[in-house]
Amino acid sequence: MYWVYFCASCRFFAHVKCATQQTNSIAGPSNSNTEQEDGSLIQFPVKNVSTDLIAPFLIRQKVLPDIDDALSTIIPTTNQPRCFNYNHHPHPLTLVIFSNEVGTAVVGEQKNVIDDEGEMMLCDACITPIHKSCPPHMYYSCDKCKFFLHLSCYNLPSRLEHDHGEGLHKLSLDCSFEIDVKCASMPAVIRHEANRQLKLIGRYVKEDQDFVNCSACGYTISYYDRYAYASENCDFNLHLACAMLPRIVRHKLDKHPLPLAYPPYSHHSGDIYCEICEEEIHPKRWTYYCRECDQFFHHDCLTQSADEYRNIKFGHQLVLENCHRSDHPLTFTVGSLRHTCSLCPNIVYDAIAFECASCYFSCCRRCAGIYVHK
């Protein structure tokens, strides 16, 4: 019964009051000091985790010297050890400098380095690719196995102070609180390209706090999520995982890189449907979209397995003599050869498993844990 502003091409509605308030706030006078201060905020999604997220974190931790623009951080390459014994790996690590002949695979805006077998090289600390297109043009590698470290991850502090909602104290091996390297590197205030006008402030979600919905996925942000980002008036909110969604992903259903897309989808008229679950996509939710094929994907459909295994590096091999031939090492991977474990009825297809490249033997992680213990 009330007047609204309406975009027919993307089904975008706005109350008259909401639309005029937003217009006034954007077009109104600005504070130059605030704008200058906000210029150093990291904008998500980041292109490169090691340089755009972890390197500024090292500056905040005073591991690296502060510079005027934290977003253009280059890890110092002088005085880096050429070879050293790393506490968390049994073999020495060697400093590798990129050559022009290094193999790369282009994904979106990045050139991911590949090894001699054509596999993408992942850092063992942050589990993100080793890039050639971003400085510094070097990394640490183990000559005996596929163990790699970004220069920024090599400089990660062995201990840090972190307020995780239970009070500020040093995090170390005797603390029951554990935090991933990427989550620890997240700054207190960020921007996101989905709404560049807003500063998003990181907050711990309290148990008695009124629940709000995430602007990316539409699901509730609750106490069990622990941490989230919100604008000052809480009209734009993000789960931590949604704020960290990658800029570009790949999927077997589309041969092109899929960039993260935000509403309104003015370039596409009518209803839109996810190519994976075939259900309608809410017109105000984030999606991954291929313009060449005109295909939309729910971001949670597309990244469900990727999110579950985001911090796992596959490809390592081990020998389990008690359950399989010693001359047939098993590869740590996502199950693809068999639908069930060779030792028990557990499903291993599309789940964490150990597979033999020489035969059709597969082992679920439960059975592998039993035999490793033995």
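Owing to the predicted nature of the structure, the values given are computational and were not obtained by experimental measurement.

Conventions and cut-offs
- Residues numbered from 1 in each chain as written.
- Predicted model: local features only at pLDDT ≥ 70, side-chain atom pairs only at ≥ 80, totals over all residues.
- Heavy atoms only, no water.
- Core = buried A, V, L, I, M, F, W, Y, C linked by side-chain atoms within 4.5 Å.
- Buried < 20%, exposed > 50% of the residue type's maximum accessible area, 1.4 Å probe, protein only.
- Helix = DSSP H or I, 4+ residues; strand = E, 2+ residues; numbered from the N terminus.
- Contact = heavy atoms within 4.5 Å.
- Pairing = 2+ DSSP bridges.
- Axes fitted to C-alpha atoms, helices over the stretch in contact; angles between N-to-C directions.
- Phe/Tyr/Trp six-rings, centres within 6.5 Å; stacked < 30°, edge-to-face > 60°.
- Disulfide = S-S within 2.5 Å.
- Salt bridge = Lys/Arg side-chain N within 4 Å of Asp/Glu carboxyl O.

Asks: Quick rundown of the nonpolar core? Include the residues and the values.
Replies: The biggest cluster of nonpolar side chains holds 55 residues, and the ones touching the most others in it are Leu149, Tyr229, Leu238, Trp286 and Tyr288. Counting residues per element, this core draws most heavily on helix H3 (residues 49-60), at six residues. Formed by 17 residues, the second largest nonpolar core is a distinct cluster that contains Phe332, Val348, Cys364 and Ala368.

Asks: I'd like a rundown of the environment of Ser215, residues and numbers included.
Replies: Within the secondary structure, Ser215 sits in the loop between strand S14 (212-213) and strand S15 (220-221). Placed 71 residues apart in sequence, Ser215 and Trp286 show a C-alpha to C-alpha distance of 8.2 Å. Those residues in contact with Ser215 that lie beyond four places of it in its chain are Asp235, Phe236, Asn237, Lys284, Arg285 and Trp286.

Asks: How would you summarise the sheet that holds strand S23 (residues 330-334) if you had to cite specific residues and measurements?
Replies: Strand order in this open sheet of four strands is S22-S23-S24-S25, and the pairing throughout is antiparallel. If you trace the sheet from one side to the other, it starts and ends with strand S22 (317-318) and strand S25 (362-364), each paired once. Bridge analysis of strand S24 (residues 352-356) against S25 gives three bridges, and the strand direction is antiparallel. Bridge pairing links Ala353 to Cys364 in S25.

Asks: Which residues make up the environment of Cys214, and what values go with them?
Replies: Here Cys214 shows up in the loop between S14 and S15. Between the C-alpha atoms of Cys214 and Cys242, which are 28 residues apart in sequence, the distance is 8.3 Å. When sequence neighbours within four positions are dropped, the list of residues in contact with Cys214 reads Tyr219, Ile221, Asn237, Leu238, His239 and Cys242.

Asks: Describe in detail the sheet that holds strand S21 (residues 295-298), supporting the description with residues and values.
Replies: Overall, antiparallel pairing links the four strands, which are arranged S18-S19-S20-S21 in an open sheet. Both edges of this open sheet fall to strand S18 (248-251) and S21, since each of them pairs with a single strand only. Averaged over all pairs of adjacent strands, the angle between strand axes in this sheet comes to 35°, irrespective of strand direction. Pairing of strand S20 (residues 287-290) with S21 involves four bridges; the strand directions are antiparallel. In the strand pairing of S21, Tyr288 is matched with Phe297.

Asks: Explain the pairing of strand S19 (residues 254-261) to me, using residue names and the numbers behind them.
Replies: In this sheet, S19 lies alongside S18 in antiparallel orientation, the contact comprising three bridges. Looking at S19, one finds that His251 is bridged to Asp254. Between S18 and S19, which pair antiparallel in sequence order, lie two residues. Examined bridge by bridge, S19 and S20 share two bridges and lie antiparallel to one another. Its bridge partner lying in S20, Ala261 is registered against Thr287.

Asks: Tell me about the packing of aromatic side chains, residues and numbers included.
Replies: Scanning all chains against the criterion turns up 10 aromatic pairs. Note on Phe332 and Phe354: the rings are 5.2 Å apart at their centroids and 25° apart in plane angle, and the pair reads as stacked. In this pair, Phe332 is assigned in strand S23 and Phe354 in strand S24, connecting sequence segments 22 residues apart. There is no split in this pair, since Phe332 and Phe354 are both buried.

Asks: Before we move on, could you go through the pairing of strand S8 (residues 138-142) and cite the residues and values that matter?
Replies: Of all five residues that make up S8, five are buried, and the element is covered over most of its length. Covered by surrounding structure in S8 are Met138, Tyr140 and Cys142 together with Tyr139 and Ser141, the residues of both alternating faces. Summarising the sheet, strand S5 (residues 92-97) and S8 pair through five bridges and their orientation is antiparallel. Bridging from a neighbouring strand, Leu95 pairs with Tyr140 of S8. In this antiparallel pair of consecutive strands, S8 and strand S9 (residues 148-150), the connection spans five residues.

Asks: Describe the state of the cysteines, naming the residues involved and giving the relevant values.
Replies: Throughout this description, disulfide means a covalent bond between two cysteine sulfur atoms. All chains considered together, the criterion is met by zero disulfides. The closest cysteine sulfur to the non-disulfide-bonded Cys123 is located on Cys153, 3.7 Å from its own sulfur.

Asks: Which residues make up the pattern of salt bridges, and what values do they have?
Replies: Scanning the model with the defined rule gives five salt bridges in all. In this structure, Arg247 and Glu193 form a salt bridge, with 3.4 Å as the shortest nitrogen-oxygen distance. Within this pair, whereas Arg247 is found in the loop between helix H6 (240-243) and S18, its partner Glu193 is found in the loop between strand S12 (189-192) and strand S13 (195-204), the two being separated by 54 residues in sequence. Judged on exposure class, the residue Arg247 and its partner Glu193 are both buried. Of the charged contacts, one joins Asp327 and Arg325 as a salt bridge, the two residues approaching to 2.7 Å between their closest N and O atoms.

Asks: Please give an account of the environment of Lys47 that cites residues and values.
Replies: Take Lys47: it is sitting in the loop between strand S3 (43-44) and H3. By relative accessible area, which is 46% here, Lys47 ends up partly exposed. It is 6.8 Å that separates the C-alpha atoms of Lys47 and Arg247, two residues lying 200 residues apart in sequence.

Spatial relationships are all this shows, so hold off on functional conclusions.
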